[in-house]
Amino acid sequence: MSDLSQLKTLSRGKKPKIALCWCSSCGGCEESVFDLAEELVDIMAVTDIVFWPAALDAKYQDVAALADGEITATLVNGAIRMEHQEEMARLLRRKSQWLIAHGACAHLGGVVGLANFHGSADLLNRAYQEIPTVHHPAGICPFGEAPDGAGQVGKRGFYETVLPLNRMVAVDFYIPGCPPPPELVKEGLMMVLEQRLPPAGTILGKRQALCQSCPRRGSLPETLRLKEFSRMHQVTWDAAACFLAQGIICLGPATRGGCQARCLQGNMPCRGCFGPLDLVRDQGAKSLSFLASLADSADPEDLQRFADSIPDPGGLFYQFSLAASLLKGKADDQKNNH
Amino acid sequence: MARIGIYICECGPHIKEAIDLGQLQNFGQGLAQVVFAKSIPVLCSPEGQEIIGKDIRQQRLSRVVVAACSPKEHEDTFRKIVRQAGLNPYFLQIANIREQCAWVTADKQAATDKAKALLAAAVKRVIQHEPLETQEIECQGDVLVVGAGVAGMSAALLLAQPQRRVYVVEKSPCIGGKAARHAHIFPHLECGSCVLAPLLDEFLHHEQIELLTLSEVQGVAGFYGNFTVRIKQQARFVNPAACVGCGLCLEACPVRVRNEFNEGLEERPGIFLPYTGVLPPVPVLDKKHCLHFRGQHCQACREACPFGAISLADQDRLQEINVGAIIIATGFDLFDLQKAPQYGYGRMENVYTSLELERLLDAAGPSGGQVLLRNGRMPERIALVHCVGSRTARFNDYCSGVCCQYALKFAHLLHQKIPGVSLIHFFTDLCLPGKEGQRFANRVLRLPGLELRRLPGPEALEITAAGGKIAITYQDGEGGGEGVEVDLVVLAPAMEGARNAGEIARIFDLPQGAGGFFTEESNRLAPVATARKGIMVAGCAQAPMDMASAIAQGQAAAGMIISDLTPGAKLALEPVTSEIDAHLCSGCKICLSLCSFQALSYDEVDGVAAINAVLCRGCGVCAAACPSGAIKAKHFSDRAITAEIGGLLSDDRF
Amino acid sequence: MTVFEPRIVGFLCGWCAYEGADAAGRARKTYPAHLRIVRVLCSGRVDPQFVLEAFRQGADGVMILGCHPGECHYKEGNLQALKMTAILKKLLGQCGIQEERLRLDWVAAGEYGKLVKIVGEMVEKVKSLGPLRLREDGGGINSALTRH
């Protein structure tokens, strides 16, 4: 990675315009930008940030007023679930030379993509009616039928399915992670500022799975067979050894490396936020097949116990990639029960 | 862009009448990247083959799709045509529209629609095909045989040729295995050493066979075509080149221990010949019992030898050899009777195993062929107990398949040797297979003084001491208790893999099954191959069997090697294997334990897994499990199969 | 109303089940045309991605047919299929796809009778379950990708 101080010479003359946009996400990706700390000041000095709702007061109209392609690069974080997010994504796509998916939600749908395990009606009902911590006797939902009979409110704006950014607009490259490590955000920005556009569809990070750079790889066994998986609270684990070797599910083998194994360093197994490797279409399916291969028995009862030791395979294998998976989520119940 | 030619075979009336080929042809013609679709009356005929070849050249086809019979029928035929026309043979895909469509679908339109799906799938798939080449590697033509019993020797004799050296590693000091210690061989009762003499002699003097007695394999590295084997040979202390086998050293030796080569039925000196007539006829010094090696100043044997053949300074020797293939012919041992005290073996002096009786019956054996009780009297009543430790869930559940025959042989021989002896067979079922078994049994079972007692199960019997005699209590066929007293008991214990089979399995990385026998690759189609390519298993190392079968297996194993491994020639490798993109492998090691053929290994230096193309059989199990997508199953790649799936389901858009 | 004609993708091991399917043909035993067969060298080659891909591409059911346990040409490839399927069925359930839409079974090369029987059963089962409609991307203003 280049040194930031060199950027000043690069950007003599017209400063490149940058935009950052926040769709369906938790805001962690925004934090990953702020985590650049002093380096962010350097970046701001050599760029012209034209849109960044988390930090600046710029409006839709300000973006719309720009010429097509006038923005050098836009970082979009979050998945697309709402109509206004789609509109913003399309607008920014038109105005930007490069559109960058920033973080797991934009890349793969992320944690918010897990909503695809449910229908939108169930989700809204849960959020506005059923959650025990919500006291909401009027039961008003901001989507759907207005209580005063004024017709539909906002329903059109809430999509049935959460989508990764590339299902709406073409994405030039991806900064993976939930959230992405600040170093990778910086790497992405440097590529833009130095005009080093990677091949279309490039995902920053490594081309190999996390195991390659895992600090615990020394304890990987050549043959591993397990009766069942344990969860972390059920066993005493060795903080230096491979989690899989200890019977705890880690998705490192099926997950792109490049995160510096932050979770592993923090004593947590990998949950897959960097997404699948280049030649893998469906991260969850690959997680499933490699974990299945560890079963110690071919007896159907033992295998059932083995499978049952993964209480929520969908949520686990697709924690970050359900919306980008082959099934995209739960099949449509109504249509299937004809 | 591919240029695809589609050939639809009418297969006489077979396909033409079941499928609307006009529709199918039109459909094929309309698929992307297809240059033409043709219907041919009989595509596999010389005329049909010629059309394909001509089209490939004239129409510059880059891919060929054949819609015809099962690829199991003619894939090789069509690949050959494609190759001869200058295309890579793997740029072909066959849509199975006969066996899996025309012949199994009653309705013509349904068959036509299905054929369209199969054709679309083949077209989409063939676009994704990559060229595959047959690779060749240098290989070693020499062969290692482990075990110099009848199976190993037979294999070695076939293999030994002017260009091929055969190394035979034998654990004991002598050749011939257990068969050479049988005085009478079922069913014609020839003397074993006489029958085997020509085989043993040729084996011992063959210029291309290097026999390493007192030797064991310590380690094996490499793979089919190129194994490196580490062998440890114990010192014999007798130089075979100088020794004439006069036996003066044996007489000079002051030591006496039990002779394991005569089943412990006699004593032998510390320097000894295992048994009378042994080959090679060279004594061996037993270091464990030799006074010299126990710290005493004995040199009696060395001093007695007029030929200077004995050297007490002889050392164990380690050597490495390179071979292309290996045959494991390590034979069997009998079921360990210590595990089954109910048979009284070891507690009663007149209870013998079958192998012990073989030695007693041998005129050149420890008793000079006499079957006497330990007190020197002739036995009057003898029991022969079948199925000892076999056909029972407690020990071995299989039938050794030869015991009934040799038990009847014993009955015949004992009847000859001991006039008026009475013989009782305790059996559950009689197993008398083959061309000779029943005929021989019919003869023996007519002998006077022979009784058959059928037990409800192999274990329904107990043998205990009764004064000077032996009491056998047993259940009769109706489950009632009975008893009988005899002088001598012969047990027919189950045959099991050699006692050290576990160690051999570890060294050669071979799977073991029931009884410790090595597991063959397929019990029907490949009975002498193993999961480790280039390592064969022959004789009783694979399963209990008689001599003829063991020899046949030895020869079969040799034949398999000869047909594939020509000295000086290269070894052609199967092109459909899996391969790892080392740039994408994270070294997670998930794949390593999934290969049944040891094709996967881990490269410690680069921290990635690697596939040995010699050993890989292309099943693709590792590719399915690889969480990185770094393993490609060639010709069955993710892309090819995904494209095929897409084609099969494209009929919504027909 | 049109009759529902399900589409079923079968991944058949080339050593046993695929041979069994050929044998059914040679014996002229008919079975429903709904099954479309992909030949694999081993049922253990079936990556769960293939199963999901088949559902995504429009299959209403998927069959994986391999050698009987203990008879795998590659020793234990079929056990991999068994292990994989045990978890995959659970996952499919979570995704609203009835477990019966995926069937793993063992068919020896000579067992064409069994093949015909289980294909018939599968077609009936999937017919009773009805068409599978997976979640689609829908809901956008304009589903076409736009770059500028």
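All values reported here derive from a predicted model rather than from experimental measurement.

How each quantity is defined
- Residues numbered from 1 in each chain as written.
- Chains lettered and ligands numbered in written order.
- Predicted model: local features only at pLDDT ≥ 70, side-chain atom pairs only at ≥ 80, totals over all residues.
- Heavy atoms only, no water.
- Helix = DSSP H or I, 4+ residues; strand = E, 2+ residues; numbered from the N terminus.
- Rg over C-alpha atoms; globule rule 2.2 N^0.38 Å.
- Buried < 20%, exposed > 50% of the residue type's maximum accessible area, 1.4 Å probe, protein only.
- Contact = heavy atoms within 4.5 Å.
- Salt bridge = Lys/Arg side-chain N within 4 Å of Asp/Glu carboxyl O.
- Buried area = accessible area lost by both parts, 1.4 Å probe.
- Polar contact = N/O pair within 3.5 Å; in protein donor to acceptor, adjacent residues only side chain to side chain.
- Nonpolar A, V, L, I, M, F, W, Y, C, P; charged D, E, K, R; others polar.
- Axes fitted to C-alpha atoms, helices over the stretch in contact; angles between N-to-C directions.
- Parallel < 35°, antiparallel > 145°, perpendicular 65-115°, else oblique.
- Left-handed = near helix turned anticlockwise from the far one by under 90°.

1. Observations concerning the overall build of chain A
Thought 1: On a plain count of helices and strands, chain A comes out with 13 helices and 10 strands.
Thought 2: A globule of 338 residues ought to have a C-alpha radius of gyration of about 20 Å, and chain A, at 22 Å, matches this closely.
Thought 3: Projecting the C-alpha coordinates of chain A onto the three principal axes gives extents of approximately 70 × 60 × 35 Å.
Thought 4: Taking all 338 residues of chain A together, 57% fall into the buried category.
Thought 5: Sequence separation of 24 or more characterises 74% of the internal contacts of chain A that already satisfy a separation of 6 or more.

2. Notes on the pattern of salt bridges
Thought 1: Overall, the coordinates contain 50 salt bridges over all chains when judged by the stated rule.
Thought 2: We note a salt bridge from Glu 358 of chain B to Lys 409 of chain B, for which the minimum N-O separation is 2.7 Å. Pair noted here: Glu 358 of chain B is in helix H11 (residues 354-361) and Lys 409 of chain B is in helix H12 (residues 403-417), with a separation of 51 residues, a long-range link. Note on accessibility: Glu 358 of chain B and Lys 409 of chain B belong to one class, buried.
Thought 3: The structure contains a network of salt bridges with shared partners spanning Arg 103, Asp 105, Lys 114, Lys 117 and Glu 121 of chain C.

3. Thoughts on the interface of chain A and chain C
Accessible area lost when the parts come together is the quantity often used to give the size of an interface.
Thought 1: Across the boundary between the two partners, chain A contributes 57 residues, which contact 42 residues of chain C.
Thought 2: Taken together, the two surfaces of chain A and chain C that pack against each other cover about 4300 Å², and 58% of this comes from carbon and sulfur.
Thought 3: For the pair chain A and chain C, the interface holds two salt bridges.
Thought 4: In this assembly, chain A and chain C are joined by 17 residue pairs in polar contact (both at pLDDT 80 or more).
Thought 5: Taken together, the elements giving at least two residues each to the side of chain A that touches chain C come down to helix H5 (83-95), strand S5 (96-102), strand S8 (158-163), helix H10 (283-292), helix H11 (300-308), helix H12 (313-317) and helix H13 (333-336) of chain A.
Thought 6: Tallied by class, residues from the side of chain A that touches chain C come to 23 nonpolar, 16 polar and 18 charged.

4. Comments concerning the packing of H11 of chain A against helix H3 (residues 77-94) of chain C
Thought 1: One way to put it is that H11 of chain A packs onto H3 of chain C with a least axis distance of 9 Å and a crossing angle of 45°. When the axis of H11 of chain A is compared with that of H3 of chain C, the two are oblique. Handedness of the H11 of chain A/H3 of chain C crossing: right-handed. Note on element contacts: H3 of chain C touches H11 of chain A through Leu 82, Lys 83, Ala 86, Ile 87 and Lys 90 of chain C, opposite Leu 303, Phe 306, Ala 307 and Asp 308 of chain A.
Thought 2: Of the residues assigned to the contact of H11 of chain A with H3 of chain C, the class counts are six nonpolar, no polar and three charged.

5. Considerations on the interface of chain C and chain B
Thought 1: Of the residues lining the interface, 42 residues belong to chain C; the matching set on chain B comes to 45 residues.
Thought 2: Here chain C and chain B share an interface that buries about 3700 Å² over both sides, 58% of which is from carbon and sulfur atoms.
Thought 3: Of all residues in chain C, Arg 36, Arg 45 and Lys 75 of chain C bury the most surface against chain B, accounting for 19% of the area lost on that side.
Thought 4: Counting every contact that joins chain C to chain B gives three salt bridges.
Thought 5: With its nearest N and O atoms 3.5 Å apart, the salt bridge here joins Glu 19 of chain C to Lys 72 of chain B.
Thought 6: Remark: the boundary between chain C and chain B carries 16 residue pairs in polar contact (both at pLDDT 80 or more).
Thought 7: Per-element tally for the side of chain C that touches chain B: the top contributor is helix H1 (residues 17-26) of chain C, with seven residues.

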